[in-house]
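# A closer look at the structure
The primary structure of each chain is shown beneath.
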Amino acid sequence: MSLKFEIQPAANPTPEKERAARLENPGFGRIFSDHMALVRYDQAKGWHSARIESRANFPLDPAGAVLHYAQEIFEGLKAYKRDDGGVNLFRPDANARRFQNSADRMAMAPLPEAVFIEAVEQLVRIDRAWIPGGEGSLYLRPFMIASEVFLGVKPSAEYIFAVIASPVGSYFKGGPAPVSIWVSENYTRAAIGGTGAVKCGGNYAASLRAQAEAIDHGCDQVVFLDTIQRKYVEELGGMNIFFVFEDGSLVTPPLGTILPGITRDSIIALVKDSGKPVREEAYSIDQWRADAASGKLKEAFACGTAAVISPIGKVRSASGDFLISGGEAGPVAMGLRKQLVDIQYGRTNDPHNWIRKVL
């Protein structure tokens, strides 16, 4: 299924001079482009009224289902400016499929992959001037909310799908610096059969108390352990995690209760391309501590759309702290990061056909 998008350009777009000033230091998720994509759903019409229009507030009834029962999902991807002036998207089809999987788990209407991709591409085309140069990019946030007006526990019969865009600079100023993480021993993120593999707002809301605890202990991020035994490393508050060993192999926690990250999946493919073994298997916090002390573990890094790859330098917990690789960024993490970023910006070969050229 595909829909034709009606294009309604903003009547008063941001003046060029003001836009240029905002793009000098956009930060992350604080500045937004002029337009948004919008598609509506109801059970009688299905998906309909697809359009690109001025970014504006939604009229939302106080009894809207999303406000009471949290039927909401989202995605995150980026548009990258190539050296030739064109624009790339990185694996938007994978985001579209994950969005469908999230909708299925949350009992929401599945959005056709073609509609997801068309909405993203149309928004990028009309707001291409908002893509920063250099290592900047246009962060795209597709999301869906339940909009039916009722107070009753059942799946909504109406939904709003939208895409907004936010210009972002390089996640790290001066290059990727190793992050410190706090091991959460009091809070868990997701259980088997829950919504851990779903990109829904509730998962992130549930992680915020643990993230605040991490900040209170001087750490950048929190890492969660499994719900049942409280011993196996699962993922960070917003990123997947990898471990690099002295024999060149990599380990990452298995899927099931964690988000199937697209950056995670891309790293697994690139590692396999290089001929190195990569295993998806459980890895305990005690083993992590022992392997870091013995030198068997050479690196650990987190990965996700926003930062791509973040080397982990220090791990803190109530049971004591330890360093990884002397607290420095390692060559495997940095090599994989460069390889991924070069593919995203079109600077090197794209062996898996991950790039979709929008312009």
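All of the points below concern the structure found in this document. Source: prediction; values computed, not measured. (Residues numbered from 1 in each chain as written. Predicted model: local features only at pLDDT ≥ 70, side-chain atom pairs only at ≥ 80, totals over all residues. Heavy atoms only, no water.)

## Focus on the overall build of the chain
Along its length, the chain carries eight helices and 18 strands. C-alpha extents for the chain along the principal axes are approximately 60 × 50 × 35 Å. Relative to its 359 residues, the chain shows a buried fraction of 53%. Expressed as a percentage of contacts within the chain between residues at least 6 apart in sequence, the contacts between residues at least 24 apart total 71%. Carbon and sulfur atoms form 49% of the exposed surface of the chain, whose accessible area is close to 15,800 Å². (Helix = DSSP H or I, 4+ residues; strand = E, 2+ residues; numbered from the N terminus. Buried < 20%, exposed > 50% of the residue type's maximum accessible area, 1.4 Å probe, protein only. Contact = heavy atoms within 4.5 Å. Areas by Shrake-Rupley, 256 points an atom, 1.4 Å probe, with all protein chains shown as cover.)

## Regarding the environment of Leu250
With respect to the secondary-structure elements, Leu250 resides in strand S13 (residues 250-252). The class for Leu250 is buried, based on a relative accessible area of 1%. In sequence terms Leu250 and Arg22 are 228 residues apart; their C-alpha atoms lie 40 Å from each other.

## Some details on the pattern of salt bridges
One pass over the structure, following the stated rule, counts 17 salt bridges. Here Glu148 makes a salt bridge to Lys154, at a shortest N to O gap of 3.0 Å. Lys154 sits in the partly exposed class, given a relative accessible area of 41%. Note that Arg209 and Asp216 form a salt bridge whose closest N and O atoms lie 3.7 Å from each other. Residue Arg209 is classed as partly exposed on the basis of its relative accessible area, which comes to 44%. Here the residues in one salt-bridge network are Glu135, Lys338, Asp342 and Arg347, joined through shared partners. (Salt bridge = Lys/Arg side-chain N within 4 Å of Asp/Glu carboxyl O.)

## Some remarks on the pairing of strand S2 (residues 35-42)
Moving residue by residue along a regular strand, the side chains alternate between the two faces of the sheet. Counting buried residues in S2 gives seven out of eight residues, a clear majority hidden from the surface. Bridge count for S2 against strand S3 (residues 46-54) is seven bridges, and the pairing is antiparallel. Bridged to Arg40 within S3 is His48. (Pairing = 2+ DSSP bridges.)

## Considerations on the packing of helix H3 (residues 92-105) against helix H4 (residues 113-126)
Taken N-terminus to C-terminus, the directions of H3 and H4 make an angle of 130 degrees; their axes are 9 Å apart at the nearest point. In this view, H3 runs oblique relative to H4, as classed from their interaxial angle. Read as a crossing pair, H3 and H4 show a hand that is right-handed. Two secondary-structure elements touch here, H3 through Pro92, Asp93, Asn95, Ala96, Arg97, Phe99 and Gln100 and H4 through Glu113, Phe116 and Ile117. Along the lines of polarity and charge, the residues of the contact of H3 with H4 split into five nonpolar, two polar and three charged. (Axes fitted to C-alpha atoms, helices over the stretch in contact; angles between N-to-C directions. Parallel < 35°, antiparallel > 145°, perpendicular 65-115°, else oblique. Left-handed = near helix turned anticlockwise from the far one by under 90°. Nonpolar A, V, L, I, M, F, W, Y, C, P; charged D, E, K, R; others polar.)

## Here's the deal with the packing of helix H6 (residues 262-273) against helix H8 (residues 331-344)
Where H6 contacts H8, the axes come no closer than 11 Å and their chain directions differ by 110 degrees. Here H8 runs roughly perpendicular to H6, going by the angle between their axes. In this structure, H6 contributes Thr263, Ser266, Ile267, Leu270 and Val271 to the contact, and H8 contributes Leu336, Gln339, Leu340 and Ile343. Class assignment of the residues belonging to the contact of H6 with H8 gives a composition of six nonpolar, three polar and no charged.

## Digging into the nonpolar core
Trp47, Ile73, Phe116, Val124, Leu140, Met144 and Phe161 are the most contacted members of the largest nonpolar core, which has 43 residues in total. For this core, the elements supplying multiple residues, two or more each, are S2, S3, strand S5 (77-81), strand S6 (87-90), H3, H4, strand S7 (137-146) and strand S8 (158-168). Sorting elements by how many residues they give to this core places H4 first, with seven residues. Those residues in contact with Phe116 that sit more than four places away from it in its chain are Glu75, Leu77, Pro92, Asn95, Ala96, Phe99, Leu111, Pro142 and Phe161. The next biggest cluster of nonpolar side chains, apart from the first, holds 24 residues, and it includes Val278, Cys303, Val308 and Leu336. (Core = buried A, V, L, I, M, F, W, Y, C linked by side-chain atoms within 4.5 Å.)

## With respect to the packing of aromatic side chains
One pass over the structure, following the stated rule, counts 16 aromatic pairs. Aromatic side chains Phe99 and Phe116 sit 5.4 Å apart centroid to centroid with 50 degrees between the ring planes, which places their arrangement in the tilted category. Placement of the pair is Phe99 in helix H3 and Phe116 in helix H4, with a sequence separation of 17 residues. Taking relative accessible area as the criterion, Phe99 reaches 0% and is therefore assigned buried. Through a chain of ring-to-ring contacts, three or more aromatic side chains come together here, namely Phe243, Phe245, Tyr283, Trp288 and Phe322. The side chain of Arg55 reaches across the aromatic face of Phe32, ending 4.3 Å from its centre. In this arrangement the basic side chain of Arg347 is found over the ring face of Tyr345, its NZ or CZ atom lying 4.5 Å from the centre. (Phe/Tyr/Trp six-rings, centres within 6.5 Å; stacked < 30°, edge-to-face > 60°. Lys NZ or Arg CZ within 6 Å of the ring centre and 35° of its normal.)

Geometry only, nothing functional implied.
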